[in-house]
Amino acid sequence: MIKKILFGILLLAAIGIMALNFFTKSESTKQSETITPTSTGLSLGAKAPDFTLTDQHGQTVQLSDYHGKKVILNFWATWCPPCRAEMPHMQQFHENNLDGDVEILAVNLTEQDNGEQAIGSFIDEFGLTFTMPMDETGSVAQTYQIRTVPTTYILNTKGEIAQKIIGPMDEQIMKNQTDSID
Amino acid sequence: MSYIPIFHLTIPAIWIAVLLAAAVAKLFMRFFTGEKIGEWYWNALTFYILTWKLSYSLFHFENFCNMPLSILYFNGGLYGHFLGIVVVSIYLIMVQKKQWKVAKQSAFAWLLFFLSYQAILQSFEKNVVEAILHTLLLIISILAIRFLAKRTDVPNVLLLAALLTLELLISSAFGSLWSWQNATFILLAIVTSIMYIRFEQKGQTL
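About the criteria used
- Residues numbered from 1 in each chain as written.
- Chains lettered and ligands numbered in written order.
- Predicted model: local features only at pLDDT ≥ 70, side-chain atom pairs only at ≥ 80, totals over all residues.
- Heavy atoms only, no water.
- Salt bridge = Lys/Arg side-chain N within 4 Å of Asp/Glu carboxyl O.
- Helix = DSSP H or I, 4+ residues; strand = E, 2+ residues; numbered from the N terminus.
- Buried < 20%, exposed > 50% of the residue type's maximum accessible area, 1.4 Å probe, protein only.
- UniProt positions renumbered as here; feature names shortened; annotations may be inferred.
- Polar contact = N/O pair within 3.5 Å; in protein donor to acceptor, adjacent residues only side chain to side chain.
- Contact = heavy atoms within 4.5 Å.
- Expected span 1.5 Å × (residues − 1).
- Buried area = accessible area lost by both parts, 1.4 Å probe.
- Nonpolar A, V, L, I, M, F, W, Y, C, P; charged D, E, K, R; others polar.

Peer 1: Sorry, what's going on with the pattern of salt bridges here?
Peer 2: Side-chain pairs of opposite charge can arise whenever the charged atoms involved come near each other. Counted by the stated rule, this structure contains 5 salt bridges over all chains. Residue A:Glu103 is joined to A:Lys69 by a salt bridge in which the shortest nitrogen-to-oxygen separation is 3.0 Å. Note that A:Glu103 is positioned in strand β4 (residues 102-108) and A:Lys69 in the loop between β2 (60-62) and β3 (70-76), a separation of 34 residues in sequence. Its relative accessible area of 31% is what places A:Lys69 among the partly exposed residues. Across the pair B:Arg151 and B:Asp153 runs a salt bridge whose closest N-O atoms are separated by 3.0 Å. Given a relative accessible area of 39%, B:Arg151 falls into the partly exposed group.

So this is what it looks like as structure tokens:
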């Protein structure tokens, strides 16, 4: 009797799985959260605070110019070992997404760093080619409440904060994070 | 993917779920089924974590040579995961030849681990309904193992298969069944079930 019941459960569950996977659209039932950002802020779903800085080539960089693209907004310094570990992955991700819709803005905490020469050597050492805005006054780090480096905010195409990650990320995490947002 | 902030790091919820599920499944086996799981359980988990973590040096050799400390922060990713599963499978197959209890316990322990993991992970992800369904199936499984597994008229492999299929049904209802995560669970379910079938064929039951 129990054998028949177990076999029946197994059969029904298997049919259920097939029905769910083949006869319905395999879309996640998780409802996409429709967060309407009411204001700028640092909480998830809020619009990331805008800033204007100068990058390593002397070019002006404004965050709001990147609306329409996903942004990996990273904060780093040369004296931070996890930042050193993370940089080759970030460069690899950048090279693999040159034609994609993801931009890396790696803000250097210039005010707290060891000077222009150290920053230049660091960039050369790892052959970094993505955009690095220099936070010379520390105001952007203050706005984004950076207590630990590396810290990364993942922004969607509307400039809203989709995720905040403290600690180093590898290429796979960057890919997973940017693939999972619009 | 959810993250949990711990001190100055953000840890993916999936890692916490694995560790918590391992501890919870062992407790359930001990208190609800009367089966005290041997050292093989923690050994298998340790082998998996070490392989997965250390394989970073294998799959990112250049980065590792330039910055050996990077192994503290990163892991072998998906390939490291595959390697870890292969190592665990080989370990289980080898160790059960010397310790017959491994064959007896591993299939049930694996099922409870899988269900606990899903219940915990979905709770972290705030998928309330899914978490409740996984938890209900976990309770049903504990009761089934407690009261049915020792009966001679119950084919335990059929019981395990029915519970695993119900679990896959719940997962299917909330997302695609085709993921590396589910493939991993199914593969290990097959390995442990084959071990259990061979154990039963030798005339012993739970």
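Peer 1: Explain unusual backbone geometry to me, please; I cannot follow it from the model alone.
Peer 2: As a rule of thumb, non-glycine residues mostly have phi less than zero, and peptide bonds are mostly trans rather than cis. The omega torsion of the bond from A:Val149 to A:Pro150 falls at 0 degrees, within 30 degrees of zero and hence cis. Tracing the backbone through its elements, the reader meets A:Pro150 in the loop between α4 (139-143) and β5 (151-155). Not every positive phi belongs to a glycine, and B:Lys126 is a case in point at roughly 65 degrees. Considering the arrangement of structural elements, one finds B:Lys126 in the loop between α7 (100-124) and α8 (128-147).

Peer 1: Even after reading the chapter, I still don't get the UniProt feature "transmembrane region" (unreviewed entry) in chain B, so can you show me in this structure?
Peer 2: Residue and element names in this part refer to chain B. Under the feature "transmembrane region" (unreviewed entry), the UniProt entry names residues 6-28, 40-59, 71-95, 107-125, 131-149, 156-174 and 180-199. Annotated as residues 40-59, this span is 95% helix and 0% strand, and its ends, taken at the C-alpha atoms, are 28 Å apart. As annotated, residues 71-95 has a helix share of 88% and a strand share of 0%, and its two end C-alpha atoms lie 29 Å apart.

Peer 1: How should I be thinking about the side chain of A:Thr152 in this particular structure?
Peer 2: Residue and element names in this part refer to chain A. Mapping threonine 152 onto the fold places it in strand β5. Relative accessible area serves as the criterion here: at 0%, threonine 152 is assigned to the buried category. Side-chain polar atoms of threonine 152 contact the side chain of asparagine 74, separated by 2.9 Å. Setting aside residues up to four positions removed in sequence, threonine 152 forms contacts with Ile72, Leu73, Asn74, Glu86, Gln163, Lys164, Ile165 and Met169.

Peer 1: Explain helix α6 (residues 77-98) of chain B here, please?
Peer 2: Two residues of an α-helix separated by three or four positions point the same way, owing to the 3.6 residues in each turn. Taking 1.5 Å as the rise per residue, α6(B) with 22 residues should run 32 Å; its terminal C-alpha atoms sit 32 Å apart, in good agreement. Buried within α6(B) are the following residues: B:Gly80, B:His81, B:Gly84, B:Ile85, B:Val88, B:Ser89, B:Tyr91, B:Leu92, B:Val95 and B:Gln96.

Peer 1: What is the right way to look at the interface of chain A and chain B in this model?
Peer 2: In many analyses, interface size is given as the accessible surface area lost on bringing the parts together. At the interface, 35 residues of chain A touch 32 residues of chain B. When the buried surface of chain A facing chain B is broken down by residue, A:Ile2, A:Leu6 and A:Ile17 rank first, second and third, together holding 18% of it. Summed over the shared surface of chain A and chain B, the number is 0 salt bridges. Sorting the residues of the side of chain A that touches chain B by element identifies α1 (2-22), α2 (81-96), β6 (161-166) and α5 (171-179) of chain A as the ones contributing at least two each. In terms of residue count, α1(A) provides more of the side of chain A that touches chain B than any other element does, 13 residues in total. Of the residues contributing to the side of chain A that touches chain B, the split by class is 19 nonpolar, 10 polar and 6 charged.

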